[in-house]
Structures are given as C-alpha cells and as structure tokens.
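Residue-level structure breakdown
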Amino acid sequence: MPVLDPSSPTPEKTLPDYLKPGLKLIFIGINPGHYSAQVGRYYARPGNLFWWGLSNSGLVPRPVTPSDDEKLLDWGIGLTDVVKRPTHSSGDLRQDEFDAGVKRAVQTIETYAPQVACFVGLLGATAFLGQRVQPGPVAERIGTTRLFAIPSPSRRNAHYGQEGILRFFKRLAAFVNGPRDVS
C-alpha cells in the first residue's frame, strides 16, 4: 500500500510513497517536479530517462512507464522523495525542508530496511550524505541498507546522456542482484 507521510507540511498535491517491508530497492528522488505531482506519477515528464533506464536495466521483467509506479512494489521496488513538496527545480527547496526531509528519508530507510536505497540525482545524494558522491555504490550504509547513486535521469542533465544513464542503471541492477557484500 502506498504511504503518504501525514506529518508532511505539504498543502499542495504531491506523490505518495510506494513502500512496503521486504523491498530489494527503494529509489529516493530529491522531490517531485510540478508536472509529476500534477499527473500523479513519478518521473512523468516526457523525455525523462528514468523509466527507459529502468526498463532496460534488468531490474524489472518488462518495459515500464510512469503509469507503472505503484506496480513496482510487486517487483520489490519502492519510490519516495527526500522532500515531498513539488517544485519546478530542486533549487527551489529551502534548507529547512531538505534537513527535515533527510531525517524523514533516513527513518523511512530504517523502517523499511530495503536491501538497497538508490539516490536519483547526485546533487541530492551529495546533500543527503554531506559529502561529494560519485555515481555508483556509496561506501556508507543506513542500518543494513546499502546505498547507490545514479545521475539525474532528467533530460536537463545532458552531461551523462542516454547511454550514460543506462550504464548506471545496469550497474545498479548488478549491485542489487549481486552478492550483498558487493560494493
């Protein structure tokens, strides 16, 4: 069942958390974009490479689209954000929102204890961990949960390109599906 944090001070429409115990993977975005919140689907903006990368990564058994966001739970994959307030850009977030969101995200990871938590976006991962993060496995853990970071799949993040995004999704799949002590 999707979980929306009732303590969130977000008065506008946002996205629910798709979480349950026993997940192999949780994707953690920085915050919903306005378009995604408006249509009620994660990474919904046309051209975002999240669903394409996930579809071609080996993490899911068939191609997926934003309309499959809740269906990911059936395959052991959850979705959440650090901050639930939608914005046009994560740069619109206030530091106090991000600080509170980090605490909420850590509690979420500790509560659900997925095998892997993947940060979607390096800037968010860097801010979350308080240190520069490169794409790939992250040395720190939260409880027993291993951490991984992928670049933002937004087309605005042209630095990595489509093939670069796919390469990191495939590395994530190997990290999730490989031995638990792989880093």
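Figured I'd write up the structure that's included with this text. The residue numbers shown here count from 1 along each chain, following its written sequence. Where totals are concerned, whole chains, interfaces and linings use all residues; where local detail is concerned, this predicted model gives features only for residues with pLDDT of at least 70, and gives and counts side-chain atom pairs only at 80 or more. Computation of side-chain values covers all heavy atoms of the structure but excludes hydrogens and water.

Thoughts on the overall build of the protein chain
- The helix and strand labels rest on DSSP assignments: H or I over at least four residues marks a helix, E over at least two residues marks a strand, and numbering proceeds from the N terminus. Helix and strand counts for the protein chain come out as five helices and seven strands.
- For the protein chain, the N- to C-terminal ordering of α and β elements is β-β-β-α-α-β-α-β-α-β-β-α.
- Summary of the burial criterion: residues with accessible area below 20% of their type's maximum are buried, those above 50% are exposed, and those between are partly exposed, where the area comes from a 1.4 Å probe applied to protein chains only. When burial is assessed residue by residue, the protein chain has 51% of its 183 residues classed as buried.
- Whether two residues are in contact is decided by their heavy atoms, any of which lying within 4.5 Å being enough. When contacts within the protein chain are restricted to residue pairs at least 6 apart in sequence, those whose partners lie at least 24 apart make up 67%.

A look at helix α5 (residues 161-177)
- The end-to-end C-alpha distance of α5 is 25 Å, a good match for the 24 Å that 17 residues give at a rise of 1.5 Å each.
- Where the residues of α5 are buried, they touch β3 (25-29), α2 (50-55), β5 (116-120), β6 (136-142) and β7 (145-150). By definition here, a helix of n residues has an expected span of 1.5 Å times n minus one.

Some points on unusual backbone geometry
- In this structure, Y43 takes a positive phi of about 50 degrees despite not being glycine.
- As for its position among the elements, Y43 is in the loop between α1 (34-39) and α2.
- If you check the backbone angles, A113 has positive phi at about 45 degrees while not being a glycine.

A closer look at the nonpolar core
- In terms of nonpolar packing, the biggest core is built from 53 residues, with F27 and L54 touching the most fellow members.
- The biggest single contributor to this core is α5, with seven residues.
- Setting aside its immediate chain neighbours within four residues, F27 contacts F50, L54, L59, I77, G78, L79, T80, C118, V120, I150, F169 and L172. What makes a nonpolar core is a set of buried Ala, Val, Leu, Ile, Met, Phe, Trp, Tyr and Cys residues whose side-chain atoms join them at distances within 4.5 Å.

Section: helix α4 (residues 122-129)
- Buried within α4 are the following residues: L122, G124, A125 and F128. Down the axis of α4, the buried set is contained in an arc of 160 degrees. They therefore lie on one face.
- Against the buried residues of α4 lie α3 (95-112), β5, β6 and β7.
- In the stretch just after α4, G130 is the one whose phi turns positive, near 75 degrees. Think of the arc as the fan of directions from the helix axis to the C-beta atoms.

Here we look at the environment of Y112
- Among the structural elements, Y112 can be located in helix α3.
- For the pair Y112 and G78, spaced 34 residues apart in sequence, the C-alpha separation works out to 9.9 Å.

A closer look at the pattern of salt bridges
- In what follows, salt bridge is the name for a side-chain nitrogen of Lys or Arg lying within 4 Å of a carboxyl oxygen of Asp or Glu. Taken as a whole and judged by the stated rule, the model has seven salt bridges.
- A salt bridge links R104 to D17; the nearest nitrogen and oxygen atoms lie 2.9 Å apart. Note that R104 is positioned in helix α3 and D17 in strand β2 (residues 17-18), a separation of 87 residues in sequence.
- A relative accessible area of 11% means that R104 is categorised as buried.
- Between D81 and K84 there is a salt bridge, and its shortest N-O distance comes to 3.3 Å.
- You can call D81 buried: its relative accessible area is 2%.
- What emerges from the salt-bridge pattern is a single network uniting D17, D81, K84 and R104.

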